[in-house]
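Next come the chains, spelled out residue by residue.
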Amino acid sequence: MDSFQIFTTSTSLVDSVDKKLLVVLRDGRKLVGILRSFDQFANLVLQDTIERIYVGDTYGDIPRGIFIIRGENVVLLGEIDEDKEDELPLREVPVEEVLQIQREEMEVKVRKEKTKHRMLSEQGFSVDAAEFGELY
């Protein structure tokens, strides 16, 4: 048998220490930072962290500094290739602009869902109103 062993625990993070990572959290946030430390529960400490918000082909960055992440909140973690990062077909815009675009897209989505909900209820279908933020 080979002496090569694949680690599937937090030990596999050893190679990622001091590297720039993208971390996707359960709540959908995306963080970019340098991994400085981790523990047996895959809790992470990121330095020089930014929260990156993507909308379409644009993105905005919010500086967050040192960020401690509880391991159970991590959905995806990957190393960023800094050479290829600059070649992405995305354009950086001020975070205020990205937040405005995101807000507008969310309003359109809510309007579509309300229209869909109204049409379904007019046809006799029962739709959970709490799902659409319409608590009576």
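See the structure printed just above.
Residues numbered from 1 in each chain as written. Predicted model: local features only at pLDDT ≥ 70, side-chain atom pairs only at ≥ 80, totals over all residues. Heavy atoms only, no water.

Chemist: Just checking my understanding: could you explain the pairing of strand S2 (residues 30–38) for this structure?
Modeler: Within a regular strand, the side chains alternate between the two sheet faces. Looking at chain direction, strand S1 (residues 20–25) and S2 are connected through 5 bridges and run antiparallel. Paired with Lys20 across the strands is Ile34, a residue of S2. Hairpin connection between S1 and S2: a loop of 4 residues separates the two successive antiparallel strands, and Gly28 in this loop has a positive phi of roughly 95°. Both S2 and strand S3 (residues 44–55) contribute to a ladder of 7 bridges, which runs antiparallel. The residue bridging Phe38 from the neighbouring strand is Leu44, located in S3. Between the end of S2 and the start of S3, which pair antiparallel, lie 5 residues, with Ala42 showing a positive phi angle near 65°. (Pairing = 2+ DSSP bridges. Helix = DSSP H or I, 4+ residues; strand = E, 2+ residues; numbered from the N terminus.)

Chemist: Is there a simple way to explain the packing of aromatic side chains in this structure?
Modeler: What describes a pair of aromatic rings is the distance from one ring centre to the other and the angle between the planes of the rings. Evaluation of the coordinates by the stated rule reveals 1 aromatic pair. Relative to Tyr59, the ring of Tyr54 lies with its centre 6.1 Å away and its plane at 45°, an arrangement referred to as tilted. (Phe/Tyr/Trp six-rings, centres within 6.5 Å; stacked < 30°, edge-to-face > 60°.)

Chemist: Would you take a moment to explain helix H2 (residues 95–122) for this structure?
Modeler: Three- or four-residue spacings in an α-helix give side chains the same orientation, since the helix completes a turn every 3.6 residues. Under the 1.5 Å per step criterion, the end-to-end length of H2 is 40 Å for 28 residues, consistent within 8% with the ideal 40 Å. The positive-phi residue at the C-terminal boundary of H2 is Gly124, with phi of around 95°. (Expected span 1.5 Å × (residues − 1).)

Chemist: Looking at this structure, I do not really get the sheet that holds strand S5 (residues 74–79). What am I missing?
Modeler: Consider a sheet: its strands pair through backbone hydrogen bonds, and that pairing is either parallel or antiparallel. Across the sheet, 6 strands lie side by side as S5-S1-S2-S3-S4-S6; this open sheet has mixed pairing. Each end of this open sheet is capped by a strand with a single partner; those strands are S5 and strand S6 (91–92). Here 2 bridges tie strand S4 (residues 58–69) to S6, and the two strands are oriented parallel to one another. Bridge pairing in S6 places Tyr59 opposite Glu92.

Chemist: I tried to follow the pattern of salt bridges on my own but got confused; where do I start?
Modeler: Side chains carrying opposite charge are able to pair once their charged atoms draw close together. The final tally for this structure, using the stated rule, is 6 salt bridges. For the salt bridge of Arg29 with Asp27, the shortest nitrogen-to-oxygen distance reads 2.8 Å. Since its relative accessible area comes to 32%, Arg29 is described here as partly exposed. Notably, a salt bridge pairs Arg64 with Glu51, separated by 2.7 Å at the nearest N-O pair. You can see Arg64 sitting in strand S4 and its partner Glu51 sitting in strand S3, a full 13 residues away along the chain. Residue Glu51 is classed as buried on the basis of its relative accessible area of 9%. (Salt bridge = Lys/Arg side-chain N within 4 Å of Asp/Glu carboxyl O. Buried < 20%, exposed > 50% of the residue type's maximum accessible area, 1.4 Å probe, protein only.)

Chemist: What am I meant to see in the pairing of S3 here?
Modeler: In terms of strand pairing, S3 meets S4 through 10 bridges, oriented antiparallel. Looking across to S4, one finds that Tyr54 is bridged to Tyr59. The hairpin turn running from S3 into S4, its antiparallel successor, is 2 residues long, and Gly56 in that turn takes a positive phi close to 60°.

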